[in-house]
Amino acid sequence: MTIREIAERINAVVYADPDRLDEDLTGAFGSDMMSDVLAFAENRDVLLTGLLNPQIVRTAHMLDMQCIIIVRGKTATPEIKTLAAQNDIVLMETQMTMYEASGRLYEGGLGR
Amino acid sequence: MTGDALHFHYDVDGNNFTSAGEASVQVKRTLRQMGYHPDLIRRISVAMYEGEINMVIHAKGGDADVYVTPDCITVILKDVGPGIKDINLAMQEGYSTAPDNIRSLGFGAGMGLPNMKRYSDELKIDSVVGVGTTIEMKFKSA
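The rules behind these values
- Residues numbered from 1 in each chain as written.
- Chains lettered and ligands numbered in written order.
- Predicted model: local features only at pLDDT ≥ 70, side-chain atom pairs only at ≥ 80, totals over all residues.
- Heavy atoms only, no water.
- Helix = DSSP H or I, 4+ residues; strand = E, 2+ residues; numbered from the N terminus.
- Rg over C-alpha atoms; globule rule 2.2 N^0.38 Å.
- Buried < 20%, exposed > 50% of the residue type's maximum accessible area, 1.4 Å probe, protein only.
- Contact = heavy atoms within 4.5 Å.
- Areas by Shrake-Rupley, 256 points an atom, 1.4 Å probe, with all protein chains shown as cover.
- Lys, Arg positive; Asp, Glu negative; His and termini not counted.
- Charge placed at Lys NZ, Arg CZ, Asp CG, Glu CD.
- Pairing = 2+ DSSP bridges.
- Axes fitted to C-alpha atoms, helices over the stretch in contact; angles between N-to-C directions.
- Parallel < 35°, antiparallel > 145°, perpendicular 65-115°, else oblique.
- Nonpolar A, V, L, I, M, F, W, Y, C, P; charged D, E, K, R; others polar.
- Buried area = accessible area lost by both parts, 1.4 Å probe.
- Salt bridge = Lys/Arg side-chain N within 4 Å of Asp/Glu carboxyl O.
- Polar contact = N/O pair within 3.5 Å; in protein donor to acceptor, adjacent residues only side chain to side chain.

(A) Fine view of the overall build of chain B. The helix and strand tally for chain B stands at five helices and five strands. Reading the secondary structure of chain B in the N-to-C direction produces β-α-α-β-β-α-α-α-β-β. The C-alpha atoms of chain B give 14 Å as radius of gyration, which agrees with the globular expectation for 142 residues (14 Å, within 12%). Expressed as a percentage of its 142 residues, the buried residues of chain B come to 50%. Taking contacts inside chain B between residues at least 6 apart in sequence as the whole, the part at least 24 apart equals 64%. When the accessible surface of chain B is summed, it comes to about 6900 Å², and 49% of that surface belongs to carbon and sulfur atoms. Here chain B carries 14 positive and 18 negative side-chain charges, and the mean point of each set is 4 Å from the other.

Written as structure tokens, this is what we have:
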């Protein structure tokens, strides 16, 4: 699923280089527990999380993930935005819960 | 470790949770520049990141040393923290002694050491209560 389509399906605000919007991403993992992400999310491009600290970016970076979706209407801190931009990680914010965002993306074919 | 290994040293700052992982980021960058396979780099950086987080949570930081030889990359993490009382217990998924405030930061789920074992080819833990912990991880690159 492209970055553009992901953003549309979950009505997300996107912080990304516009050139990347048609990039295709595969696989996703949702958790607020970064240790679990590190254990179970290898080879997936998208992280859905409600956690708000810079370690979400480091965790995604370590796993070579391409996109972080911040759920439940939370707003990325300037520190998170800067770190994501530095590491070429696309950032999104959605008002949806993790359950709803995951459901819509899965239904659309992401990760299945 | 001596001989022809390339040696990289990093100080892990134990007073700043926000910066935890910076050494792993640098190692990831260095190994990329050296042309290693992305899968190997990912395993090394995830395992080292978990170790770095542990040092910050439990031991007020420490030293990280990475040695690169043609067939193996070795990561040694050394701290002078409280030590691990029961290593077998600490290796169990879900067992954690991290304080609650660490869980609210997304860590302390008891997956750190199991993840380090999962991603490395060899894991050695040398720990003395009240003295400190040294962790050695080996990753075969050939």
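(B) Structural view of the sheet that holds strand β1 (residues 6-13) of chain B. Residue and element names in this part refer to chain B. The strand order across the open sheet formed by five strands is β1-β2-β3-β5-β4, and the pairing between neighbours is antiparallel. One side of each edge strand has no neighbouring strand; the edge strands of this open sheet are β1 and β4 (122-128). On average, each strand axis in the sheet is tilted by 10° relative to the strand beside it, whichever way the strands run. Two elements, strand β2 (residues 61-69) and strand β3 (residues 72-79), share seven bridges in a ladder whose sense is antiparallel. Bridge pairing links A64 to L77 in β3. Sheet strands in contact with helix α1 (residues 22-33) are β1, β2 and β3, and its direction is about 155° off that of β1. Sheet strands in contact with helix α5 (residues 112-119) are β3, β4 and β5 (132-140), and its direction is about 30° off that of β5.

(C) Layout of the packing of helix α3 (residues 55-62) of chain A against helix α2 (residues 38-59) of chain B. Running from N to C, α3(A) and α2(B) point in directions that differ by 150°, and their axes come no closer than 9 Å. What the angle tells us is that α3(A) and α2(B) run roughly antiparallel. Each of A:Q55, A:R58, A:T59 and A:M62 in α3(A) lies in contact with α2(B), whose residues at this interface are B:R42, B:S45, B:V46, B:Y49 and B:I53. In the contact of α3(A) with α2(B), the residues fall into four nonpolar, three polar and two charged.

(D) Region of interest: the interface of chain B and chain A. Counting residues at the interface gives 29 residues for chain B and 21 residues for chain A. Summed over both sides, the interface of chain B with chain A buries roughly 2100 Å², with 54% coming from carbon and sulfur. Of all residues in chain B, B:T18, B:R42 and B:Y49 give up the largest surface area on contact with chain A, accounting jointly for 27% of the area buried on that side. Summed over the shared surface of chain B and chain A, the number is five salt bridges. Across the salt bridge formed by A:D64 and B:R42, the nearest N and O atoms sit 3.1 Å from each other. Our count for the contact surface shared by chain B and chain A stands at 19 residue pairs in polar contact (both at pLDDT 80 or more). With eight residues, α2(B) is the single largest residue contributor to the side of chain B that touches chain A. The residue inventory of the side of chain B that touches chain A, partitioned by class, reads 12 nonpolar, nine polar and eight charged.

(E) Molecular detail of the sheet that holds strand β5 (residues 90-93) of chain A. Residue and element names in this part refer to chain A. Reading across from one edge, β1-β5-β4-β3-β2 is the order of the five strands in this open sheet, with mixed pairing throughout. Each having just a single partner strand, β1 (13-15) and β2 (28-30) make up the two edges of the open sheet. Here the strands of the sheet are splayed against their neighbours by 20° on average, with no regard to which way each runs. Judged from the four bridges that link them, strand β4 (residues 67-70) and β5 form a sheet pairing that is parallel. Across the sheet, the residue bridging to I69 is M92, located in β5.

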